[in-house]
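# Reading the structure
Each chain is listed here by its residues.
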Amino acid sequence: MAKGGGERGALLPVSADDGKGNGGGGGAGDDAALFKGSAMTRRGAVAALSYMSCSVLLVMFNKAALSSYNFPCANVITLLQMVCSTCLLYVLRKSKLISFTNSDPSVPSDALFFVPFRILLRTTPLSLAYLLYMLASMESVRGVNVPMYTTLRRTTVVFTMTMEYFLAKQKHTPPIIGSVALIVFGAFVAGARDLSFDARGYAIVFVANITTAVYLATINRIGKSSGLNSFGLMWCNGLVCGPSVLFLTYIQGDLKRAMEFPYLSSPGFQAVLLFSCILAFLLNYTIFWNTILNSALTQSMCGNLKDFFTVGIGWVLFGGLPFDLLNVIGQGLGFLGSGLYAYCKIKGK
């Protein structure tokens, strides 16, 4: 792991500054445009692809735990993911392999929690947004089949654009707005004849969309000004949200139900939980990395592009959505809109 931004050979970039200046990370070449005239850098492209890969796999493992094994406690999975992530960060920081800021990780921290308390307070809104995002996203996977889940989640871009405008006064070009409109239209077309329609499931997905938009916009607003890198932001999220989720699972009786779950000792179920926790850590890291390097809207659009693989794999593994021409057309319109956005972003339009 690179020490700060000044040492070569970083295994994982942790902030928008890595790779700049004195060659931390991959060197100046990583900050070059993807190709001539592109608005996206090579590092930005790697961050986006890394996020999409982790996201597809995490949805599959979460869906397997909640639907295939019928595990009744989504919040317990969220708690396990937070605990594993926080413990891993603690070990890495204690071993001086990483830093939570852009400073040298070998420099001892005089803060009780490795970051100053004032910084922890400053990132509290981000942590609370993360808590709502995690709880809503985990529960939203349960009540909707994978193809329709990914279709409805694509409408997150509208909420993200709205939050970016109100929080950062960020405006977008007509081609970008047009591509987003096409995505939303495709989502409504795809869901028009969903034979497995579940009003509660749909409502939870839209709540997850809103919380995701708030979370991404908050990363873009607070994350860049906090002085923390991606690992530091993840650490603060764990410290603030972990106790809250533990309390929630206790008062709801989820911990007791989880201990009584018949497949708890099953190697297959344990493997699903293990990979879910690992992927959750990697996904949170790549979300910070991608959002800081690119933008909150680009992060949302990456979520749309990876849906092509999520829909295909989910259709094969979990089913739940009979073939319907209108649904296929809607899916196609959504992917077309995502492709147009990617084209506009790469071309700098």
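What counts and what doesn't
- Residues numbered from 1 in each chain as written.
- Predicted model: local features only at pLDDT ≥ 70, side-chain atom pairs only at ≥ 80, totals over all residues.
- Heavy atoms only, no water.
- Helix = DSSP H or I, 4+ residues; strand = E, 2+ residues; numbered from the N terminus.
- Buried < 20%, exposed > 50% of the residue type's maximum accessible area, 1.4 Å probe, protein only.
- Contact = heavy atoms within 4.5 Å.
- Areas by Shrake-Rupley, 256 points an atom, 1.4 Å probe, with all protein chains shown as cover.
- Phe/Tyr/Trp six-rings, centres within 6.5 Å; stacked < 30°, edge-to-face > 60°.
- Core = buried A, V, L, I, M, F, W, Y, C linked by side-chain atoms within 4.5 Å.
- Axes fitted to C-alpha atoms, helices over the stretch in contact; angles between N-to-C directions.
- Parallel < 35°, antiparallel > 145°, perpendicular 65-115°, else oblique.
- Left-handed = near helix turned anticlockwise from the far one by under 90°.
- Nonpolar A, V, L, I, M, F, W, Y, C, P; charged D, E, K, R; others polar.
- Expected span 1.5 Å × (residues − 1).
- Disulfide = S-S within 2.5 Å.
- UniProt positions renumbered as here; feature names shortened; annotations may be inferred.
- Salt bridge = Lys/Arg side-chain N within 4 Å of Asp/Glu carboxyl O.

Quick look at the overall build of the protein now. In terms of helices and strands, the protein carries 14 helices and zero strands. Reading the protein from its N end, one meets helices and strands in the order α-α-α-α-α-α-α-α-α-α-α-α-α-α. Within the protein, buried positions represent 52% of all 349 residues. A sequence separation of at least 24 residues applies to 81% of the contacts in the protein between residues at least 6 apart. Summed over all atoms, the accessible surface of the protein reaches about 15,500 Å², with 69% contributed by carbon and sulfur.

The subject of this paragraph is the packing of aromatic side chains. Following the criterion strictly, the structure yields 17 aromatic pairs and no others. Centre to centre, the rings of Y90 and W235 are 6.4 Å apart; their planes meet at 20 degrees, and the pair counts as stacked. Linking Y90 in helix α2 (residues 74-94) with W235 in helix α9 (residues 230-251), this pair joins segments that are 145 residues apart in sequence. Its relative accessible area of 38% is what places Y90 among the partly exposed residues. Consider the rings of Y133 and Y215, whose centres lie 4.9 Å apart with planes at 20 degrees: the pair is stacked. With Y133 in helix α4 (residues 124-140) and Y215 in helix α8 (residues 199-223), the pair connects residues that are 82 residues apart, well separated along the chain.

This paragraph deals with unusual backbone geometry. A positive phi is found at N70, a non-glycine position, where the angle reads about 55 degrees. Under the relative-accessibility criterion, N70 is labelled exposed at 54%. Here the phi dihedral of K96 falls at roughly 60 degrees; this positive angle occurs in a residue that is not glycine. Mapping K96 onto the fold places it in the loop between α2 and α3 (117-122).

Before going further, it helps to examine the nonpolar core. Core analysis: the biggest nonpolar cluster contains 45 residues, and L89, F100, Y215, I219, F231 and I287 have the highest contact counts within it. Elements with a contribution of two residues or more to this core: α1 (42-68), α2, α3, α4, α8, α9 and α11 (267-293). The dominant element in this core, judged by the number of residues it contributes, is α11, at ten residues. Core analysis: the second largest hydrophobic core is formed by 14 residues, F71, V76, I77 and F261 among them.

A few words now on the packing of α2 against α4. As a packed pair, α2 and α4 sit with axes 9 Å apart at the nearest point and diverge in direction by 135 degrees. Here α4 runs oblique to α2, going by the angle between their axes. Considering how the two elements wind past one another, α2 and α4 form a crossing that is right-handed. Where α2 approaches α4, its residues A74, N75, I77, T78, Q81 and M82 are matched on the opposing element by Y130, L131, M134, L135, M138 and E139. For the contact of α2 with α4, the residue count by class is eight nonpolar, three polar and one charged.

A word on the environment of V189. Residue position: V189 is located in helix α7 (residues 174-191). Each C-alpha atom, one on V189 and one on G334, is 9.4 Å from the other, the two residues being 145 residues apart in sequence. Every residue in contact with V189, bar those within four places of it in the chain, is listed here: L326 and G330.

Attention now moves to α4. With 17 residues, α4 should reach 24 Å at 1.5 Å per residue; the first-to-last C-alpha distance of 24 Å fits that figure. All buried positions along α4 are accounted for by L126, S127, A129, Y130, L131, Y133, M134, L135, A136, S137, M138 and S140.

Let's shift gears to the state of the cysteines. Per the counting criterion, the structure on display carries zero disulfides. Between C87, a free cysteine, and C84, which holds the nearest cysteine sulfur, the sulfur-to-sulfur gap is 6.8 Å.

Looking now at the environment of L336. The residue L336 is located in helix α14 (residues 325-347) in this model. Its relative accessible area of 48% is what places L336 among the partly exposed residues. With 154 residues separating them in the primary sequence, L336 and L182 have C-alpha atoms 7.7 Å apart.

The next point concerns the UniProt feature "transmembrane region" (unreviewed entry) in the protein. Residues annotated by UniProt as "transmembrane region" (unreviewed entry) correspond here to residues 44-61, 73-92, 112-133, 176-193, 199-219, 231-251, 271-293 and 305-322. Helix makes up 100% of residues 199-219 and strand makes up 0%, while its end C-alpha atoms are separated by 30 Å.

This next bit is on the pattern of salt bridges. Two side chains of opposite charge can pair, provided their charged atoms sit close to one another. Inspection of every chain in the model, using the stated rule, returns one salt bridge. We note a salt bridge from D254 to R257, for which the minimum N-O separation is 2.2 Å. Remark: R257 and D254 occur in helix α10 (residues 254-259); sequence separation between them is three residues, near one turn of the helix. D254 gets classed as buried once you look at its relative accessible area, which sits at 3%. Exposure remark for R257: the relative accessible area of 39% places this residue in the partly exposed category.

Let's shift gears to α2. If you check α2, its first and last C-alpha atoms are 30 Å apart, about what 21 residues at 1.5 Å a residue would give, namely 30 Å. Every buried residue of α2 is listed here: A74, N75, V76, I77, T78, L79, Q81, M82, S85, T86, L89 and R93. One or two steps after α2, the chain reaches K96, where phi turns positive at roughly 60 degrees.

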